[in-house]
Amino acid sequence: MTPSTDTSQGSYCRPAIPVTLALIAGILLTQGLPGLAIPALSVLLAAAARLAICLRRDRPARWSPLLAAMAAGYLAMLPWVSPVHGPDHVAHYLDTGYWRIHGTVADSPLLSYGRTRLLLDVDRLSREASSHPVRGRIRLTVMGEANLEPGDRVVFPASIRAFRNFQNPGGFDYRRHMAFEGIQGSAWAQAEKIQRIGKRNRSAPGRLIHAARHQLARLIDSAGGDADADEKAVLKALVFGDRSGIDEELRERFNRAGVGHLLAISGLHVGIVATLAFGFFRRVFSYFTALLWRGWGRQWAAAATLVPVLAYGLLAGMSASTQRAEVMVAVFLTALILGRTQDVMNTLAVAALLILALFPPALFSISFQLSFAAVLAIVYGLEKIGIAGDPARPPARRAGGRLAAFVLVSGLAIAGTAPAVLLHFNQTSVVGIAANLFLVPVVGFVAVPAGLVSAFVAFFFEPAANLGFWLDIKILHLALMGVDFFSGLSFAAVKTVTPSLVEIFLYYLAGWALLNMRKTAVAPWVLAAAIVLAAGDGAYWYYQRFWQPDLKVTAIDVGQGGCTLMELPGGGIVLYDGGGFSDNRLFDMGQRVVAPLLWRKKIATVDILVLSHPNADHLNGLIYIARYFNVRELWSNGDVNTTKGYGELMAVCREQDIVVRTVDADSGKMVIGPVTLSVLNPSAGFYSQVHDVDQAYRNNGSLVVKAAMGETAFLFTGDIEARTESQLVQRTGRGLASTVLFAPHHGSRTSSSAELIAAVAPAVVVISAGAGNRFGFPHPEVTDRYRAAGSRILCTCTHGAISMRSDGKTVHVQPEMASCGPTRRSRIF
């Protein structure tokens, strides 16, 4: 867009930028203050009236457009933050028991590890004699392979459950994320219970797109052999956005190499299509003399480019990231058509403004943040650095200049997106610039165009298309060799702690200062201030990690399982159990829940992992921690468990040179600063022989560890049951007394005997259990016994994570949530 030449307008020389920033501010305001609809509407009306008056009197309007945009952003976002559902919405039927659910498949089902996931538009719920017409979208997980297609009408019995967050400090808000996607709940069903009862008629364009995608998938599958599975999966993702074949291992290879962005159709892919199409049409229209005389060649080329760009988006399924990329490219092309191309920054702001106006939750999307951060960094960086090509230079020097420019663009994109990447993924690729230098041209400018040309030819002559896809698979084989080379380097990627919002602000502030060092007099002062503030931030976190004198204990919310973090005075870290589900391929508790919490606390090293006993809900979350957190040693009770999870944990320990130490009640005490760790169970020789044991036997072999500091103590009990509790009391006696007791076996009725409670005499009892778990933990008789003993009961299922801090005399307890809401209260014991 053309910048204003009226210097009196000040910040409005690029009018879209401040207006977009004001809109973003309004969207963000809803996250902390969601109940201001009437004031926001009043501000919007007043600002609009003021703006109309200024326009009518031809006066400058500086603040009224910003206030209007902020109020509009707030009001546009409010329905997503505080939705008001009608009485027939499916949100009113969450957690209300089993129904016969009638609905229509809304997307292409994804089969992974024996389960099929899809989205379902629900239109009716029925049971017994009642039937209710409803509306709303849910996520359906089918146990087994479901041969369904978009548009299929199905009916099945299931309960629709509300999404639940793991309530940990700063944790990912999964419920909000799904709400922003328009998905209200989830259901599970066996494949044999799904009945297909019909098919919804699609529109003609919808049928054509579905048929085209199916035809292209068939041709790509036939063009390569079984050994080309990865190449075919990548080709499908590039040509028509089908990422169902991209498994976690392949995605991680791309991420380690710093080229994960190549797998999702986003701004890069749409931009490449637009660039190639624009070049083609500009060459074609250069033969039309009438257009050349009028100087319309670029405008007509830009208008024609909109067609293949839109076609590519439709073929790719118009995912959210693709839609945003389409809008961004369309805005730039429209600026070309209108002849207003002088200010790319302002045009970029217009694209962001349009996207957020149409869909305000896009602001919280990772793809939105990464796309605009990358483009903004490239555009602003090149503008400030000022690289200009000289046509008079020799060809070799021009080629070198282009190479340097490409390296600079890659570096700016990586630098611009680094905070968002670290915030969301806690990983940075050290080889990203080099990998992009090789892979972006091969994939972006060879594989993608070749794949799209083959896709176009497929509608006229399949044998030629099949040959084209075969050649493309060979090209992608070369690309994957490059991915494997870069990702295979031991230093390819580094796991990092999570940056805070303050640190992200200081990073961008320093980046602005560096780019403007020779252009703005205040830039050196800004850089110095950013460095000083960053040093202060570093000192704060260094104190929190290594200098603070208290023992901090956090019962992490891992659902149905157990995981407790101990932060010792002086910086030592002990993790007692790691939670986990039965299959880490479906959900890795260590990767998704435990590790992010550690990284948010700036913890990159764990000194001791304590595995109470090798059950999946205590073990599986430790595997990821052992692999990525520089663990020094693992304490085990000596149980030789042959499960897949236990075998994988032992393999990681060997791979990472982690000392595996078998401990028992005779192992003695470990003194770490003012904290004493004592192992109280199992008794010596409990696992002296390898033999088959039942589950109760394994539970009773749990490591019981007491962490004492001064007059306070924390007792961790694993899954021991009443028999072992009695033996423990007889063997240890008053040595069990503790301020905080972690209830045995998640509050099962087979544990927490009156004998144990009397011996421990806890002021606080922490129960780690999942909300609505199928075992009914904690059992009412157990909680009644604790209440009768005068203990305060806190459960992760109702209070979320429970943070405790001991100074050696008292224990401060602060749950993440109150049992009736998100209010956090601290109490001293």
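Draft legend 1. Spatial organisation of the overall build of the protein chain. Summing up its helical and strand segments, the protein chain has 26 helices and 26 strands in all. Relative to the 2.2 N^0.38 estimate, which gives 28 Å for 829 residues, the radius of gyration of the protein chain is 30 Å and therefore close to what a compact globule would have. Across its three principal directions, the C-alpha atoms of the protein chain cover 100 × 65 × 60 Å. Evaluated residue by residue, the protein chain yields a buried proportion of 48% over its 829 residues. Look at the contacts in the protein chain between residues 6 or more apart in sequence, and 70% of them connect residues 24 or more apart. With an accessible surface of roughly 38,900 Å², the protein chain has 61% of that area assigned to carbon and sulfur atoms.

Draft legend 2. Examining the pairing of strand E25 (residues 811-815) more closely. Residues Val811, Val813 and Pro815 line the buried face of E25, whereas the alternating positions His812 and Gln814 sit on a face that is not buried. The pairing of strand E24 (residues 802-806) with E25 spans five bridges and is classified as antiparallel. Residue pairing across strands places Ser806 opposite Val811, the latter belonging to E25. In this structure, the hairpin formed by E24 and E25 is closed by a connection of four residues, where Gly808 is found at a positive phi of approximately 100 degrees.

Draft legend 3. A look at the packing of aromatic side chains. On inspection of all chains with the given rule, the structure shows 24 aromatic pairs. Taken together through their ring pairs, the aromatic side chains of Phe280, Phe281, Phe285, Phe288 and Trp300 make up a single cluster. Directly above the aromatic system of Trp99 lies the positively charged group of Arg127, at a separation of 3.7 Å from the ring centroid. The ring of Phe546 has Arg545 sitting right over it, with the charged end atom 4.6 Å from the ring centre.

Draft legend 4. Representation of the sheet that holds strand E21 (residues 740-742) in the model. As summarised here, the arrangement of the seven strands in space is E17-E18-E19-E20-E21-E22-E23, forming an open sheet in which the pairing is mixed. Each having just a single partner strand, strand E17 (669-672) and strand E23 (792-795) make up the two edges of the open sheet. Ignoring which end each strand starts from, the neighbouring axes of this sheet average 20 degrees apart. Bridge analysis of strand E22 (residues 764-767) against E23 gives four bridges, and the strand direction is parallel. Bridge pairing in E23 links Val764 to Arg792. Of the strands in this sheet, strand E18 (675-681) and strand E19 (704-709) are in contact with helix H23 (residues 722-732), which crosses E18 at around 125 degrees. Relative to E23, helix H25 (residues 780-788) is tilted by about 145 degrees, and along the sheet it contacts E21, E22 and E23.

Draft legend 5. Looking closely at the packing of helix H8 (residues 267-285) against helix H15 (residues 432-458). The contact between H8 and H15 brings their axes to 10 Å, and the two run at 75 degrees. When the interaxial angle is binned, H8 and H15 end up roughly perpendicular. Every residue of H15 that contacts H8 at His269, Ile272, Val273 and Leu276 is listed here: Gly444, Phe445, Val448, Pro449 and Leu452. Of the residues belonging to the contact of H8 with H15, the class tally is seven nonpolar, two polar and no charged.

Draft legend 6. Here's a closer look at unusual backbone geometry. For the bond from Asn681 to Pro682, the omega torsion is 5 degrees, close enough to zero to count as cis. Residue position: Pro682 is located in the loop between E18 and helix H22 (695-700). A cis amide bond links Phe777 with the next residue in sequence, Pro778, at an omega value of -10 degrees. Relative to the helices and strands, Pro778 is located in the loop between E22 and H25. In this model, Tyr113 sits at a positive phi of 50 degrees, which is unusual for a non-glycine residue. Tracing the backbone shows Tyr113 in the loop between strand E2 (110-112) and strand E3 (115-127). Given a relative accessible area of 39%, Tyr113 falls into the partly exposed group. Even without being a glycine, Asp577 presents a positive backbone phi close to 65 degrees. Residue position: Asp577 is located in the loop between strand E13 (573-576) and helix H19 (589-600).

Draft legend 7. Inspection of the pattern of salt bridges at higher detail. The full count for this structure, using the stated rule, is 24 salt bridges. One salt bridge connects Lys236 with Asp221, and the closest N-O pair in it is separated by 2.8 Å. Residue Lys236 is located in helix H6 (residues 229-240), and its partner Asp221 is located in helix H5 (residues 204-223); the two are separated by 15 residues in the primary sequence. The salt bridge involving Arg253 is made with Glu249; its shortest N-O contact spans 3.3 Å. In this pair, Arg253 and Glu249 both sit in helix H7 (residues 248-256), four residues apart, roughly one turn of the helix. Look at Arg253 and you get buried, because its relative accessible area is 14%.

Draft legend 8. Focus on the confidence of the model for the protein chain. Model confidence for the protein chain is summarised by a mean pLDDT of 89, while 94% of its residues fall at 70 or above. In this model, residues 1-11 is a region of pLDDT below 50 whose contacts with residues beyond four sequence positions or in other chains number 16 contacts.

Draft legend 9. How the structure looks around a positive patch on the surface. A cluster of basic residues, Arg50, Arg56, Arg57 and Arg59, forms a positive patch at the surface. By the element assignment, Arg59 lies in the loop between helix H2 (37-56) and helix H3 (64-81).

Draft legend 10. Fine view of H7. Within H7 the residues assigned to the buried category are Leu250, Arg253 and Phe254. Looking down the long axis of H7, one finds its buried residues gathered within 95 degrees of arc, a one-sided arrangement. Looking at the buried side of H7, the elements it contacts are H6 and helix H16 (462-488). Gly258 sits one or two residues past H7 and shows a positive phi near 80 degrees.

Draft legend 11. Structural context of the packing of H7 against H16. Axis separation between H7 and H16 bottoms out at 8 Å; the angle between their running directions is 70 degrees. As the angle between them shows, H7 and H16 are arranged roughly perpendicular. Once H7 is placed against H16, the crossing between them reads as left-handed. Two secondary-structure elements touch here, H7 through Leu250, Arg253, Phe254 and Arg256 and H16 through Leu480, Val483, Asp484 and Ser487. Tallied by class, the residues present in the contact of H7 with H16 amount to four nonpolar, one polar and three charged.

Draft legend 12. Representation of H2 within the structure. Over its 20 residues, H2 runs 28 Å from end to end, which matches the ideal 28 Å to within 8%, given 1.5 Å per residue. Among the residues making up H2, those that are buried are Ala40, Ala47 and Cys54. Each buried residue of H2 sits inside an arc of 55 degrees when the element is viewed along its axis, so together they form one side. Among the exposed residues of H2, those pointing more than 90 degrees away from its buried face are Ile38, Leu45 and Arg56. Buried positions along H2 lie against H3. Positive phi appears at Asp58, one or two residues downstream of H2, with a value of about 60 degrees.

Reading the values: the criteria
Residues numbered from 1 in each chain as written. Predicted model: local features only at pLDDT ≥ 70, side-chain atom pairs only at ≥ 80, totals over all residues. Heavy atoms only, no water. Helix = DSSP H or I, 4+ residues; strand = E, 2+ residues; numbered from the N terminus. Rg over C-alpha atoms; globule rule 2.2 N^0.38 Å. Buried < 20%, exposed > 50% of the residue type's maximum accessible area, 1.4 Å probe, protein only. Contact = heavy atoms within 4.5 Å. Areas by Shrake-Rupley, 256 points an atom, 1.4 Å probe, with all protein chains shown as cover. Pairing = 2+ DSSP bridges. Phe/Tyr/Trp six-rings, centres within 6.5 Å; stacked < 30°, edge-to-face > 60°. Lys NZ or Arg CZ within 6 Å of the ring centre and 35° of its normal. Axes fitted to C-alpha atoms, helices over the stretch in contact; angles between N-to-C directions. Parallel < 35°, antiparallel > 145°, perpendicular 65-115°, else oblique. Nonpolar A, V, L, I, M, F, W, Y, C, P; charged D, E, K, R; others polar. Salt bridge = Lys/Arg side-chain N within 4 Å of Asp/Glu carboxyl O. pLDDT = per-residue confidence, 0-100. Patch = residues over 30% accessible without salt bridge, like charges linked within 9 Å, V, L, I, M, F, W, Y side chains within 5 Å. Lys, Arg positive; Asp, Glu negative; His and termini not counted. Charge placed at Lys NZ, Arg CZ, Asp CG, Glu CD. Arc of directions from axis to C-beta. Left-handed = near helix turned anticlockwise from the far one by under 90°. Expected span 1.5 Å × (residues − 1).

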